[in-house]
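So you can see what is in the structure, the chains are spelled out below.
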Amino acid sequence: MHLANLRSVVRGCGAYLPERILTNDELSRMVDTSDEWIAQRTGIRERHIAAEGETTSQLGAKAAQAALDNAGLTADDIDLVICATSTPDYTFPATATQIQHALGIKQGVAFDLQAVCSGFVFALTTADKFLTSGSHKRALVIGAETFSRLLDWEDRGTCVLFGDGAGAVILEAQTGTQSLKDRGVLTSHLRSDGQHRSKLFVDGGPGSTRTVGHLRMEGREVFRFAVGMITDVIEDALSALGLTAADIDWLVPHQANRRIIDASAQKLGFAPEKVVVTVERHGNTSAASIPLALCEAVSDGRIKKGDLVLIESLGGGFTWGSAIIRW
Ligand code: ACO
């Protein structure tokens, strides 16, 4: 096998959402808000919330097991586990190691990746680098979050936006031809810029306040930057492959806000029917949102083997990124 010809091919995907659904109407009894305000500004109608004692690694392990089942693989087949999360069970050890253990994976390596809502795109890109280097054979790439634990439930500006959940994708190193016809990750583009910290951050941490802290956001400021940054990084991915929006079968964006999704899709010329949207039922599940949306579109038959899928995200930091995958 020639190393330059390796591709990271999708073998399967899985998802898990906690049972408890929190509707906008219920939220309107907790803070001064309404279903109408939330739906109009964000597109969100409801979100799932983890049960007391239900941790990020438990959600991640359920999604990962579903991905293994979907791929027809077992724990013995996985030698790399990357969990993208900003809501780890503990400060350490890494949530990925707890998922690795829960699944009975004894070989290889597991670690977390922190890029907030861009975590899944960063984790997929990292796994792709490992697999195409020839060092590892099969990766579980997981996005798992319990953002409900970071929220200030008295702040109506943020508590209505987020939800809990997990999604996972299995990538396998396979020999390709380095052409656009290859299945697998064809290109990926990551960016970050720490000057934007104050627009979206958590006001605590072990190294500063010794507390977990709460999520804080200047919503308008995030919105102002989001569409430009997202469209830039999508254009980077398309131009790296010499493609246009018309060549892409499915745009699967990070699910933060319906208005950001619609504005970016429209700016780039993606037809609305090619955009996978779950935000109305999941809210913003941060690193879990893209694999949850991917799994939903695969299981309902929209995304099929051979389709060109473009994923993109923007998150705290800011971090932002995109990747094009031939499914
Ligand atoms: N219900 C009712 N009123 C509200 C609520 C609420 N839940 N939240 C805020 N308001 C009020 C504000 O207090 C303000 O009232 P005022 O005019 O009396 O002061 C008014 O609504 C307008 O507030 P804005 O924050 O300016 O509202 P905006 O139109 O910008 O909408 C929103 C807020 C939805 C957060 C919007 O800015 C947005 O979508 N930003 C992007 C946020 C985002 O997507 N973040 C996540 C992306 S990155 C990541 O995923 C981590």
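These numbers were taken from a predicted model, which means no experiment stands behind them.

So, the side chain of E312
Consideration 1: Of note, E312 is situated in strand β12 (residues 308–315).
Consideration 2: The side chain of E312 sits in the buried core without any salt bridge; R258 is the nearest counter-charge, 12 Å away.
Consideration 3: Setting aside chain neighbours within four positions, we find E312 in contact with V121, I230, I234, L251, V252, P253, H254, I290, G321 and S322.

Concerning the sheet that holds strand β1 (residues 6–16)
Consideration 1: Strand order in the open sheet formed by five strands is β1-β7-β6-β4-β5, with mixed pairing between adjacent strands. What marks the edges here is a single partner per strand, and that holds for β1 and β5 (109–113). Direction aside, neighbouring strands of the sheet carry axes that sit 20 degrees apart on average.
Consideration 2: Of the strand pairs in this sheet, strand β4 (residues 80–84) and β5 are connected by five bridges, and their pairing is parallel. Counterpart to V81 in the pairing with β5 is A110.
Consideration 3: Across the face of the sheet, helix α4 (residues 95–103) comes into contact with β4, β5 and β6 (138–146) while running at roughly 140 degrees to β5.

Comments concerning the site of the ligand
Consideration 1: Taken together, 22 residues are adjacent to the ligand, and R41, C117, R220, N257 and N284 come closest.
Consideration 2: Between T33 and the ligand, the recorded distance is 2.6 Å, taken from a side-chain N or O atom to a nitrogen atom.
Consideration 3: When isolated, the ligand has an accessible area of 1000 Å², and the protein chains bury 75% of it.
Consideration 4: At a threshold of 2 Å from the grid points, most atoms of the ligand map onto the second largest pocket.

Some details on the pairing of β12
Within a regular beta strand, the side chains point alternately toward one face of the sheet and then the other, so they alternate between its two faces.
Consideration 1: With respect to burial, β12 is a largely interior element, eight of its eight residues being buried.
Consideration 2: Here β12 shows a buried face lined by L308, L310, E312 and L314 and a second buried face lined by V309, I311, S313 and G315.
Consideration 3: Taken together, the four bridges between strand β11 (residues 250–253) and β12 define a ladder with parallel strand orientation. Residue pairing for β12: W250 is matched across the bridge by V309.
Consideration 4: With eight bridges connecting them, β12 and strand β13 (residues 319–326) associate as antiparallel partners. Residue L308 lies in a different strand from β13, and its bridge partner there is R326.

A few points about the pairing of strand β7 (residues 164–175)
Consideration 1: Of all the twelve residues making up β7, ten are buried; the element is thus mostly covered by neighbouring parts of the structure.
Consideration 2: Across ten bridges, the pairing between β1 and β7 is antiparallel. In the strand pairing of β7, R7 is matched with Q174.

What to know about the sheet that holds β11
Consideration 1: Taken together, four strands build an open sheet; the order of strands is β8-β13-β12-β11 and the sheet is mixed. Each having just a single partner strand, β8 (184–192) and β11 make up the two edges of the open sheet. Across this sheet, the average inter-strand angle for adjacent strands is 10 degrees, counted without regard to direction.

The rules we used
Along each chain, the written sequence defines residue order, and numbers are assigned to residues from 1. Where totals are concerned, whole chains, interfaces and linings use all residues; where local detail is concerned, this predicted model gives features only for residues with pLDDT of at least 70, and gives and counts side-chain atom pairs only at 80 or more. The side-chain values count all of the structure's non-hydrogen atoms but skip hydrogen atoms and water molecules. Working definition: helices are DSSP H or I runs of at least four residues, strands are E runs of at least two. Numbering for both runs from the N terminus. Only protein chains enter the accessibility calculation, which uses a 1.4 Å probe; a residue is then buried when its area is under 20% of its type maximum, exposed when over 50%, and partly exposed in between. Charged residues are defined here as Lys and Arg on the positive side and Asp and Glu on the negative side; His and the ends of the chain fall outside this count. Throughout this description, the term salt bridge denotes a Lys or Arg side-chain nitrogen within 4 Å of a carboxyl oxygen of Asp or Glu. In what follows, residue pairs with any heavy atoms lying within 4.5 Å of each other are defined as contacts. Think of it this way: DSSP has to see at least two bridges between two strands before they count as a pair. Axis lines are fitted to C-alpha atoms, over the contacting stretch for helices. Their N-to-C directions set the angle, which ranges from 0 to 180 degrees. We call a residue near a given molecule or strand whenever any one of its heavy atoms falls within 4 Å of it. Polar contact is defined as a pair of N or O atoms within 3.5 Å, subject to the rule that within protein one atom must be able to donate a hydrogen and the other to accept it, and that residues adjacent in sequence are counted only when both atoms are side-chain atoms. All accessible-area figures derive from a Shrake-Rupley calculation using a 1.4 Å probe, and residue coverage is judged against the displayed protein chains alone. Here a cavity denotes a set of grid points, spaced 1 Å apart and computed over the protein atoms alone, in which a 1.4 Å probe fits but from which it cannot get out, and a pocket denotes an open set meeting protein on both sides within 12 Å along at least five of seven lines; residues with an atom within 4 Å of a point are reported as lining. A molecule is counted as occupying a cavity or pocket when more than half of its atoms fall within 2 Å of that pocket's grid points.

Just distances and angles here, no functional claims.
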